[in-house]
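Descriptive analysis of the structure
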Amino acid sequence: MKILTAIGARPQFVKTAILSEELKKRGVEEILVHSGQHYDDLMSDVFFRELGIPEVAVNYEVGSGSHGVQTGKMLAKFEQSLLEFKPAAMLVHGDTNSTLAAALAAAKLEIPVVHNEAGLRSYNRSMPEEHNRVLTDHCSDTLFCPTQVAVDNLAKEGITAGVHRVGDVMFDVARRFRPVAEAKSDAMQRFELTRGKFVLVTLHRPYNVDDPDRMRLLFDTMSRVDRTFVFPVHPRTRGNLAAFGIDFPANVRSIDPLGYLDFLQLEANAGLIMTDSGGVQKEAYFAGVPCVTVRPETEWVETVNAGWNRLLWDNLEQLDEMLTTRWWPEEQPELYGDGNASAKIAELLAGKY
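The structure contained in this document is the topic of the report that follows. Every value quoted in this text rests on a predicted model; they were computed, and no experiment measured them.

Cut-offs used in this document
- Residues numbered from 1 in each chain as written.
- Predicted model: local features only at pLDDT ≥ 70, side-chain atom pairs only at ≥ 80, totals over all residues.
- Heavy atoms only, no water.
- Helix = DSSP H or I, 4+ residues; strand = E, 2+ residues; numbered from the N terminus.
- Rg over C-alpha atoms; globule rule 2.2 N^0.38 Å.
- Buried < 20%, exposed > 50% of the residue type's maximum accessible area, 1.4 Å probe, protein only.
- Contact = heavy atoms within 4.5 Å.
- Areas by Shrake-Rupley, 256 points an atom, 1.4 Å probe, with all protein chains shown as cover.
- Polar contact = N/O pair within 3.5 Å; in protein donor to acceptor, adjacent residues only side chain to side chain.
- Phe/Tyr/Trp six-rings, centres within 6.5 Å; stacked < 30°, edge-to-face > 60°.
- Pairing = 2+ DSSP bridges.
- 1 Å grid on protein atoms, 1.4 Å probe; cavity = no way out; pocket = protein on both sides within 12 Å on 5 of 7 lines; lining within 4 Å.
- Points joined across faces, edges and corners; volume = space filled by probe spheres on them.
- Nonpolar A, V, L, I, M, F, W, Y, C, P; charged D, E, K, R; others polar.

Here's the deal with the overall build of the chain
- Broken down by element type, the chain carries 16 helices and 13 strands.
- Here the chain has a C-alpha radius of gyration of 20 Å; the compact-globule value for 353 residues is 20 Å, and the two agree.
- By principal-axis analysis of the C-alpha atoms, the chain measures approximately 55 × 45 × 40 Å.
- Counting across all 353 residues of the chain, residues that qualify as buried make up 58%.
- Sequence-distant contacts, at least 24 apart, represent 67% of the contacts inside the chain between residues at least 6 apart.
- With an accessible surface of roughly 14,300 Å², the chain has 50% of that area assigned to carbon and sulfur atoms.

Next up, the structure:
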């Protein structure tokens, strides 16, 4: 059996780390193809080094661009790879432009599409990721869902065939690499941080970082809270802030993007995590750290329903209260499986194709 796996951004690198290993155990030949959506060392190469991800067969190096330009370039490149390698199936992860381009290329060639992390819905059509995940699901023949909510979302759209609830691959990876991060990462010492005494921040979504008034409002709100914020800044976010002439508040420490192990270590030691990232919301839950999501909605509704995640959008005045009082419960229900999602996916794929 031979499958082509599309990767291109941080969440996909993380998911690939263990799933590639499980596929290899079962005799599946996996060909990794990198779109180049994330392309510099801190956003791409470091994950391959730290997580032991196999070498890619080809890197398209598409780089940055508008959604249409970027997705169009990838679509043509993925089609070439599919014709060259002739896989039994195309495996895609998540909801990036790389995901959609690869799924469309395979579907047009009548090559089965396998979607890992299927069924997520934010129901916010202003998010490019929402279009990507919906379209990818409707192109897919096999759909691996992390939660029952995801399974139910697909059923509402008439998708029931080929759907499997397997758990979350990112939980597998976090569980595997957390002790590695504790042993190898010196991030806490390097940044002179104390456990539980800082808020870890990530912001990259356009509706936050492309709007100068929104960024000023967020920074002004953070500056009035008596907490230290540690902010690994996405290159695009840093560029926007410079263009807007916006400075970091005194209590916001700006640092470069981190590798997976360093970031995992800061997540585990933060007092709270503040993010607009879907993956980081889950990673906060895996680490047992409360999360404030700077979005009007989330596709990871389980974390909100469990009481470990709160939304922060038009209610910015509540940030002080969220950071100074305990609002999350003592108990954490098991939401994302038993840590064996990768093995389940590999077993199902090896038996099907």
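Quick notes on the environment of Gln 12
- Tracing the sequence through the fold places Gln 12 in helix α1 (residues 10-25).
- Separated by 50 residues in sequence, Gln 12 and Val 62 have C-alpha atoms that sit 16 Å apart.
- The residues touching Gln 12, leaving out its near neighbours within four places in the chain, are Ile 7, His 93, Thr 96, Ser 98 and Thr 99.
- A distance of 2.8 Å separates a polar side-chain atom of Gln 12 from the backbone nitrogen of Gly 8.

Re the packing of aromatic side chains
- Going through the model one piece at a time under the given rule, you end up with 14 aromatic pairs.
- Arranged with centres 6.3 Å apart and planes meeting at 90°, the rings of Phe 177 and Tyr 260 form a pair that is edge-to-face. Linking Phe 177 in helix α7 (residues 169-184) with Tyr 260 in helix α12 (residues 260-269), this pair joins segments that are 83 residues apart in sequence. Neither residue differs from the other here; Phe 177 and Tyr 260 are each classed as buried.
- Aromatic pair Tyr 285 and Tyr 336: ring centres 6.1 Å apart, planes at 85°, arrangement edge-to-face. Highlighted residues: Tyr 285 in helix α13 (residues 278-287) and Tyr 336 in the loop between α15 (319-324) and α16 (341-352), separated in sequence by 51 residues.
- Residue class for Tyr 285 comes out buried when judged on its relative accessible area of 6%.
- With relative accessibility at 3%, the residue Tyr 336 sits in the buried group.

Quick word on the sheet that holds strand β7 (residues 163-165)
- With parallel pairing, 7 strands are arranged side by side in an open sheet as β3-β2-β1-β4-β5-β6-β7. Lying at the two open borders of the sheet, with one neighbouring strand each, are β3 (58-59) and β7.
- Where strand β4 (residues 89-93) and strand β5 (residues 113-116) come together, 4 bridges link them in parallel fashion. The partner of His 93 across the bridge, within β5, is Asn 116.

Here's the deal with the layout of surface pockets
- Here the second largest pocket is characterised by a volume of approximately 220 Å³.
- Lining the second largest pocket are 14 residues, with Ser 20, Glu 21, Lys 24, Glu 30 and Pro 54 sitting closest to its centre.
- Elements with a minimum of two residues in the lining of the second largest pocket: α1, β2 (29-34) and α7.
- Sorting elements by how many residues they give to the lining of the second largest pocket places α1 first, with 5 residues.
- Classifying every residue of the lining of the second largest pocket gives 7 nonpolar, 2 polar and 5 charged.

So, α12
- Extensive coverage of α12 is indicated by the burial of 10 of its 10 residues.
- Considered for burial, the residues of α12 that qualify are Tyr 260, Leu 261, Asp 262, Phe 263, Leu 264, Gln 265, Leu 266, Glu 267, Ala 268 and Asn 269.

Some details on unusual backbone geometry
- Of note, the phi angle at Tyr 123 is positive, near 60°, even though the residue is not glycine.
- You can see Tyr 123 is positioned in the loop between β5 and α5 (128-139).
- One non-glycine residue, Glu 192, adopts positive backbone phi at about 55°.
- With respect to the helices and strands, the residue Glu 192 is situated in the loop between α8 (187-190) and β8 (198-202).

A closer look at the environment of Leu 316
- Structurally, Leu 316 can be placed in the loop between β13 (309-311) and α15.
- Judged by relative accessible area, Leu 316 falls into the buried class, the value being 8%.
- For the pair Leu 316 and Thr 221, spaced 95 residues apart in the sequence, the C-alpha separation amounts to 6.9 Å.
- In this structure Leu 316 touches Arg 214, Leu 217, Leu 218 and Thr 221, once residues within four positions along its chain are discounted.

In short, shape yes, function no, at least from these values alone.
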